[in-house]
Amino acid sequence: MPIPDSWLPALVGETTKPYYEQLYRFIGEERRKTKIYPPGEDVFNALRYTPFERVRVVIIGQDPYHDENQAHGLAFSVRPGVATPPSLVNIYKELQEDVQFRIPKHGCLIPWAEQGVLLLNAVLTVRAHQANSHQGKGWENFTDAVLRAVNASDSRVVFLLWGSYAQRKAEWIDIKRHTVLKAPHPSPLSASRGFFGCRHFSKANTALLTAGLQPIDWQLPDFK
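Looking at this structure, I do not really get the environment of Val 180. What am I missing?
Turning to its location among the elements, Val 180 is positioned in strand β6 (residues 179-183). Through-space distance from the C-alpha of Val 180 to that of Val 157 is 8.5 Å; in sequence the pair is 23 residues apart. Val 180 has contacts with Phe 159, Leu 161, Ile 173 and Ile 175, leaving out every residue within four places of it along the chain.

Set out below in structure tokens:
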């Protein structure tokens, strides 16, 4: 699972640290013993679809979906043909209210990633059917390094931090240089406490336009 080239200058130092070497061995052992999501070639998809120099928006998730065919390396996203998960259903509802989004019949967010929306889970792998099973194994250190690299970038970035976990994960973002928008998580358990009505998608585009950057086209195409 090689780190994509555009991110290597910022992250290559992580690969020689003891935690990363231990993590690499752990993932290898896990894959020999049991089923792990996402597949190895998809683990770094958030970085592959969103090159370092193109990051304009960051959305932080917690860990990958853990059921069959769901996780493909992008936070909140599933492949076409897979039922849209509940949190993403709520994200779509907020988009519809905020930017007149037309809700698609899929949950694939690759078009966002290709525009510069970094869909980063804090933990990048999970055992099948065991949520949070790879927490505390080293991924958090690695994704902290990803966020530090983005924070240090020259361009203004908009961070959408949904829920206390994401907000703690990025609590040190330089708010003088970047835009930070906070709301409850879009999960059905918390969306009604302030995620609905947060208008983060239009606010993100306003921040980008103010910085002289291209806004995100949040509308997703229909896949055949």
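Once the structure has been displayed, the description carries forward.
Can you help me understand the pairing of strand β2 (residues 57-61) in this one?
Two faces belong to every sheet, and in a regular strand the side chains alternate between them. With five of five residues buried, β2 is to be regarded as a mostly interior element. The alternating pattern of β2 places Val 57, Ile 59 and Gly 61 and Val 58 and Ile 60 on opposite faces, both of which are buried.

Would you mind showing me how to read helix α4 (residues 86-99) here?
What sets the pattern is the α-helix's 3.6 residues per turn: residues three or four places apart point alike. The terminal C-alpha atoms of α4, which comprises 14 residues, lie 20 Å apart, in line with the 20 Å expected from a rise of 1.5 Å per residue. All of the buried residues in α4 are Ser 87, Leu 88, Asn 90, Ile 91, Tyr 92, Glu 94, Leu 95 and Asp 98. On the buried face of α4, the contacting elements are α5 (110-115), β5 (158-162) and α8 (200-210). Positive backbone phi, approximately 55°, marks Gln 100, located one or two places after α4.

Even after reading the chapter, I still don't get the nonpolar core, so can you show me in this structure?
Nonpolar side chains tend toward joint burial in soluble globular proteins. Counting residues in hydrophobic clusters, the biggest one holds 71 residues, and the most contacted among them are Leu 118 and Phe 142. Sort the elements by how many residues they give to this core and helix α6 (residues 139-151) lands first, with six residues. Every residue in contact with Phe 142, bar those within four places of it in the chain, is listed here: Ile 3, Leu 11, Glu 14, Tyr 19, Tyr 20, Phe 44, Leu 47 and Leu 124.

How do you make sense of the pattern of salt bridges when you look at a structure like this?
Once their charged atoms are close, side chains differing in charge can pair, the charge on each being opposite to the other. Applying the stated criterion to the full structure yields eight salt bridges. Note that Lys 33 and Glu 30 form a salt bridge whose closest N and O atoms lie 3.6 Å from each other. On the criterion of helical spacing, the pair formed by Lys 33 and Glu 30 is a turn pair, its members being three residues apart in helix α2 (residues 18-33). Relative accessible area serves as the criterion here: at 61%, Lys 33 is assigned to the exposed category. A salt bridge links Asp 42 to Arg 79, with the nearest nitrogen and oxygen atoms 2.7 Å apart.

Cut-offs and rules
Residues take numbers from 1 onward in each chain, read along the sequence in its written order. Only residues with pLDDT of at least 70 get local features here, since the model is predicted, and only at 80 or more are side-chain atom pairs given and counted; chain-wide, interface and lining totals rely on the full set of residues. Derived side-chain values reflect all non-hydrogen atoms in the structure, with water molecules and hydrogen atoms excluded from consideration. Secondary structure is summarised from DSSP: a helix means a run of H or I of at least four residues, a strand means a run of E of at least two, and numbering begins at the N terminus for each. Contact definition: two residues touch when any of their heavy atoms are within 4.5 Å. Relative accessibility under 20% of the residue-type maximum defines a buried residue, over 50% an exposed one, and the middle range a partly exposed one, all with a 1.4 Å probe and only protein chains included. The span expected for a helix works out to 1.5 Å for each residue beyond the first. For this analysis, a nonpolar core means a set of buried residues of the types Ala, Val, Leu, Ile, Met, Phe, Trp, Tyr and Cys, connected via side-chain atoms within 4.5 Å. The working definition used for a salt bridge is a side-chain nitrogen of Lys or Arg within 4 Å of a carboxyl oxygen of Asp or Glu.

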